[in-house]
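Geometric and topological summary
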Amino acid sequence: MYVMHAVILAGGYGKRLRPLTDDRPKPLIEVAGRPIIEWQISWLKQFSITSFVILTGYKWEVLIKWLSENEKRLGISTYFSIEEEPLGTGGALRKIERLLSTENTFIVLNGDIITNLDISKLKISNENVMTMSLVPLKSPYGIVETKDDKIIDFKEKPILENYWINAGVYLMRKEIFKYLPEKGDMEKLTFPKLAKESLLIGIKYHDVYWRSIDTIKDIEEVSEDLIKMKNGLSSER
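Residues numbered from 1 in each chain as written. Predicted model: local features only at pLDDT ≥ 70, side-chain atom pairs only at ≥ 80, totals over all residues. Heavy atoms only, no water.

The name given to the protein in an unreviewed UniProt entry is Nucleotidyl transferase, and the organism recorded there is Saccharolobus islandicus.

In structure tokens form, the structure reads like this:
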């Protein structure tokens, strides 16, 4: 797989992370001493991706300033698309169709996830428009095991191997733009249509680190995880 650009969806308000997002967008929230977007850039550079297209809206000035000041240190180049009004993930991506017109495939990811999944496993063919990464669902609650009405064991937030969720990392062909709305979320409007037309592939990742940063508790838990990881977020290949 050869991919030149990665597109980061970074236009959300991050309301559940207030007051941390009062003066900065969600991708600049620090986790284990580094902004979320820096973790993402370091991870994707392992796959020789150094060109990033940032789709931004809320507090865009702060994000552009930070990335512009850190481009050289990170060894990347960045391009920006600013939403003057909320367009949703589908509308925001459709807005940059011309910028990516010469690219056959490109990576798209949500700007609030931290992972080490191997994007080289995201395969795509001319018969499909998009490949979606899938990770097993982790129960948000502890599980109680019973037998004959007796409680026999407890499991703290186990991985539910039979249930899969969208990991928010996609490999897309340029044909995706035909299916994107001018305004609205691709998760609700585009993905179901692609699935019905058999144009969407899902790749399952079993043993990877993946977390979405949605709450203050997520920041605390992921920070602890990252500090414990001796090799940081080196990709599992």
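After that view, the rundown keeps rolling.
**Points about the overall build of the protein**
Condition: A run of H or I in DSSP counts as a helix once it spans at least four residues, and a run of E counts as a strand once it spans at least two, with each numbered from the N terminus. When we talk radius of gyration, it's over C-alpha atoms, and the globule rule is simply 2.2 Å times the number of residues to the 0.38. Remark: exposure states derive from per-residue accessible area (1.4 Å probe, protein chains only) relative to the maximum for the residue type, with buried under 20%, exposed over 50%, and partly exposed in between. It only takes one pair of heavy atoms within 4.5 Å for two residues to be counted as in contact. Reported accessibility uses the Shrake-Rupley method at a 1.4 Å probe radius. Residues are deemed covered only where the shown protein chains occlude them. In this count, Lys and Arg are taken as positive residues and Asp and Glu as negative ones, while His and the chain termini are left out. All charge positions are set by atom: Lys at NZ, Arg at CZ, Asp at CG, Glu at CD.
What the protein contains, in helices and strands, is 6 helices and 13 strands. Taking 237 residues into account, the globule formula puts the C-alpha radius of gyration at 18 Å, and the protein, at 18 Å, falls close to it. Referenced to the eigenvectors of the C-alpha coordinate spread, the extents of the protein come out at roughly 60 × 40 × 35 Å. Evaluated residue by residue, the protein yields a buried proportion of 48% over its 237 residues. The contacts in the protein between residues at least 6 apart in sequence include a share of 76% that link residues at least 24 apart. Surface summary for the protein: the accessible area is close to 12,800 Å², and the carbon and sulfur share equals 50%. If you average the places of the 34 positive and of the 34 negative side-chain charges in the protein, the two averages end up 2 Å apart.

**Quick notes on the UniProt feature "domain: Nucleotidyl transferase" (unreviewed entry) in the protein**
For the record, the criterion: UniProt positions are given in the numbering used here, feature names are shortened, and annotations may be inferred rather than shown by experiment.
Listed under "domain: Nucleotidyl transferase" (unreviewed entry) in the UniProt record, and renumbered for this structure, are residues 6-226. For residues 6-226, the end-to-end C-alpha separation is 23 Å, with 24% helix and 33% strand making up the annotated structure.

**What about the pairing of strand β8 (residues 130-138)?**
Filter applied, for reference: Between any two strands, at least two bridges found by DSSP are needed for them to pair.
For β8, the tally of buried residues reaches 7 of 9 residues, placing the bulk of the element in the interior. The sheet contact formed by β8 and strand β11 (residues 159-173) spans 8 bridges and is antiparallel. In the sheet register, Lys138 faces β11, and the bridge partner there is Ile159. Alignment of β8 against strand β12 (residues 200-204), held across 5 bridges, turns out to be parallel. What sits directly across from Ser133, in β12, is Ile203.

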